[in-house]
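# Residue-level structure breakdown
Each chain, letter by letter, is given below.
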Amino acid sequence: MTASGQYEEVDLDVEEALALVKEGGAPMSEHPGTHGVPRSAQPPSSGSAGEEHVHAATPWGEARAVAARAPRGPDAAVSVPLDAALGLVLAAPLDALTDLPSFDTSAMDGWAVAGPGPWVVRAEGVLAGHSAPRPLADGEAVRIATGARIPHDVTAVIRSEHGRTDEKDRLHATREVVPGQDIRPRGQECRSGDPLLPSGTLVTPAVLGLAAAAGYDTVAAFPRPRVEVLVLGDELLTGGLPREGLIRDALGPMLPSWLRALGADVVAVRRLGDDAEALHTAVRDSGADLVVTTGGTAAGPVDHVHPTLRRIGAELLVNGVGVRPGHPMLLARTRERQHLVGLPGNPLAAVSGLLTLAEPLLRTLAGHAAPETYTLPLQDTVHGHPRDTRLVPVVLRADRAVPLHYNGPAMLRGVAAADALAVVPPGGARPGQEAEILDLPWAAAGIGVCFT
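Residues numbered from 1 in each chain as written. Predicted model: local features only at pLDDT ≥ 70, side-chain atom pairs only at ≥ 80, totals over all residues. Heavy atoms only, no water.

Counted by the stated rule, this structure contains one aromatic pair. Between W258 and W442, the ring centres sit 4.7 Å apart and the planes meet at 75°, which makes this aromatic pair edge-to-face. With W258 in helix α4 (residues 251–261) and W442 in the segment after β28 (434–439), this pair connects stretches of sequence that are 184 residues apart. Judged by relative accessible area, W442 falls into the partly exposed class, the value being 29%. Directly above the ring of F103 sits R149, whose terminal nitrogen or CZ lies 5.0 Å from the centroid. (Phe/Tyr/Trp six-rings, centres within 6.5 Å; stacked < 30°, edge-to-face > 60°. Helix = DSSP H or I, 4+ residues; strand = E, 2+ residues; numbered from the N terminus. Buried < 20%, exposed > 50% of the residue type's maximum accessible area, 1.4 Å probe, protein only. Lys NZ or Arg CZ within 6 Å of the ring centre and 35° of its normal.)

And the structure:
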């Protein structure tokens with residue numbers, strides 16, 4: 001592992017990995033290029049104190065399921081003003097607080113009429129927002145605006161284009177008048193107390209409008225999960241060109257926006273370098289719902305994530321996933337309502353970790369339903385890993401997914417142009433073979449996308 005925790009994954013077979021050790025190579029827990037090798041492929045532990053137990057990587061689908069089971073506290077719901085609720089999920093059903101409409105209203109500009117015509121038109125009109133107008137007698141009409149309250153004893157509303165007045169200011173209908181036409185009766189849409197939307201509904205602009213019309217100033221919703229990002233690595237630059245062994249940090253600029261697009265509220269981004277004490281303090285003192293770390297998840301001399309988790313007594317839920325890139329990712333419960341996702345240091349491997357562990361966890365905390373899975377045929381051959389799932393950037397063209405080049409664990413060029421990631425099974429996929437598709441959160445341009 002490099003000093004920054006930025007991995008160089010390699011796809012070695014078990015036999016190749018064991019051969020490396022037999023030939024005198026460094027032990028796999030220390031070799032700089034073997035962090036992608038599953039623990040099941042590593043040599044058996046000697047059993048000495050402090051060594052980690054040999055374990056198999058968690059299958060990709062199982063790891064996502066574990067992350068999606070993150071508990072949400074019983075008091076997780078909050079009252080949110082309507083102007084701040086867009087993109088949240090309702091934590092309680094939305095029931096009407098009033099009849100809609102709350103009184104009989106005109107559906108059109110025109111005349112309200114009583115009885116058969118022709119009708120004598122009153123001098124005054126009826127406008128929206130005014131108190132109840134005087135009742136009409138048979139043979140009377142009154143000018144009325146859309147949304148205005150209907151006077152008592154009105155038979156119908158005649159649209160402006162369907163009536164004419166004569167020289168004596170009498171109104172004549174130019175087509176048949178049907179009783180009740182163009183009148184919105186009280187309670188037409190709902191009655192007070194009627195259920196409008198169930199808990200779990202995504203708050204869209206239309207939901208906000210319905211809530212306001214139904215009498216709400218606030219709604220009960222699940223807040224955005226609060227996330228803190230800890231960027232590890234001594235050799236990361238925040239500006240300028242790479243120089244003298246130092247490289248530009250890609251994850252610091254990328255992760256906060258990506259997490260916001262997944263519905264999170266990023267409360268802090270902190271750069272800690274390779275400082276074990278700083279990492280311990282940051283994780284111990286964080287008040288976020290989720291702590292995301294970059295790099296440091298293997299077993300090298302500056303890989304401090306596992307020791308930190310042991311030191312604070314965290315429960316390790318996922319320790320390595322059978323996926324490429326991104327094998328050395330992890331998920332831990334650090335306290336009752338806080339989790340930590342340890343991402344690999346390579347950029348595309350970190351994206352894999354986000355979509356494998358962070359996305360389902362954040363979705364659960366925010367109350368979002370799991371998206372419907374779907375597949376598309378692959379246009380080209382995709383080489384796979386012998387044992388692990390592989391995530392490959394693709395663009396979606398008509399009814400096909402086109403794999404992109406530059407899809408190595410350290411590369412972002414492919415995913416920057418991608419619409420989605422294709423889930424390629426062990427062994428790879430041939431042209432025309434169906435593959436599960438993971439949409440990128442901004443590809444659908446939904447309201448959940450928020451980069452601010």
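Spatial ordering of the open sheet is given by β2-β14-β3, a layout of three strands whose pairing is antiparallel. In this open sheet, the two strands that pair with only one neighbour each are β2 (78–81) and β3 (89–90). Examined bridge by bridge, β2 and strand β14 (residues 218–222) share four bridges and lie antiparallel to one another. Along β14, the bridge assignment pairs V80 with V219. (Pairing = 2+ DSSP bridges.)

Take the pattern of salt bridges next. By the definition in use, this model includes 16 salt bridges. The shortest N-O distance in the salt bridge between D249 and R271 comes to 2.3 Å. Placement of the pair is D249 in the loop between β17 (247–248) and α4 and R271 in strand β18 (residues 265–271), with a sequence separation of 22 residues. Given a relative accessible area of 43%, R271 falls into the partly exposed group. Its salt-bridge partner being R284, residue D285 comes within 2.9 Å of it at the nearest N-O pair. Several salt bridges converge on common partners, so that one network encompasses R122, E124, R134 and E140. (Salt bridge = Lys/Arg side-chain N within 4 Å of Asp/Glu carboxyl O.)

Moving on to the nonpolar core. The biggest cluster of nonpolar side chains holds 46 residues, and the ones touching the most others in it are W258 and L259. Among the elements that line this core, the one with the most residues is helix α7 (residues 347–366), at 10 residues. Residues within four places of L259 in sequence aside, it is in contact with V227, V229, A264, V266, V292, L354 and L362. Counting residues in hydrophobic clusters, the runner-up holds 17 residues, among them L88, L94, V203 and V207. (Core = buried A, V, L, I, M, F, W, Y, C linked by side-chain atoms within 4.5 Å. Contact = heavy atoms within 4.5 Å.)

Relative to strand β8 (residues 140–144), strand β6 (residues 110–113) runs antiparallel, the two being bridged by four bridges. Residue A112 lies in a different strand from β8, and its bridge partner there is V142. Of the pairings in the sheet, the one linking strand β7 (residues 119–121) to β8 comprises two bridges and is parallel in character. Its bridge partner lying in β8, V120 is registered against E140.

Attention now moves to the packing of helix α2 (residues 60–68) against α7. Axis separation between α2 and α7 bottoms out at 7 Å; the angle between their running directions is 30°. Judged on the interaxial angle alone, α7 and α2 are roughly parallel. For the pair α2 and α7, the crossing hand works out as right-handed. Taken together, the residues of α7 that come into contact with α2 (itself represented by W60, A63, R64, A67 and A68) are L355, T356, L357, E359, P360, L361, R363 and T364. (Axes fitted to C-alpha atoms, helices over the stretch in contact; angles between N-to-C directions. Parallel < 35°, antiparallel > 145°, perpendicular 65-115°, else oblique. Left-handed = near helix turned anticlockwise from the far one by under 90°.)

Let us look at the packing of α4 against α7. Close contact between α4 and α7 brings their axes to 11 Å; oriented N to C, the two are set at 25°. Between α4 and α7, the angle is such that the two are roughly parallel. Remark: the crossing between α4 and α7 carries right-handed chirality. Across the interface between the two elements, L251, M254, L255, W258 and L259 from α4 touch P347, A350, V351, L354, L355 and L362 from α7. When the residues that make up the contact of α4 with α7 are grouped by side-chain class, the tally is 11 nonpolar, no polar and no charged. (Nonpolar A, V, L, I, M, F, W, Y, C, P; charged D, E, K, R; others polar.)

Below, the discussion takes up the pairing of strand β11 (residues 170–173). Judged from the two bridges that link them, β7 and β11 form a sheet pairing that is antiparallel. In the sheet register, V120 faces β11, and the bridge partner there is R170. For strand β10 (residues 163–165) and β11, the ladder comprises three bridges, and the chain directions are antiparallel. Bridged to G163 within β11 is A173.

This next bit is on the environment of T364. Position of T364 relative to the elements: it lies in helix α7. As a C-alpha pair, T364 and R69 span 295 residues in sequence and 7.2 Å in three-dimensional space. Within the structure, the side chain of T364 is placed 2.6 Å from the backbone oxygen of A68, a separation counted as a polar contact. (Polar contact = N/O pair within 3.5 Å; in protein donor to acceptor, adjacent residues only side chain to side chain.)

This part takes up α7. One full turn of an α-helix is made of 3.6 residues, so residues set three or four places apart face in the same direction. Maximum bend of α7: about 40°, positioned at A358, with proline P360 one to four residues after it. Taking burial as the measure, the 20 residues of α7 include 20 buried ones, the bulk of the element. Immediately downstream of α7, the backbone of G367 shows phi near 80°, a positive value. (Bend = angle between axes of the 7 residues up to and from the residue.)

A few words now on the sheet that holds strand β22 (residues 330–335). If you trace the six strands from one edge of the open sheet to the other, you get β18-β15-β19-β23-β22-β20, paired in mixed fashion. Only two strands of the sheet have a single partner each, and these edge strands are β18 and β20 (315–319). On average, each strand axis in the sheet is inclined to that of its neighbour by 20°, with strand direction left out of account. Relative to β22, β20 runs antiparallel, the two sharing four bridges. Within β22, the position partnered with N319 by the bridge is L330. In this fold α4 packs onto β15 (226–231), β18, β19 (290–294) and β23 (338–343), with an angle of close to 165° to the strand it touches most, β18.

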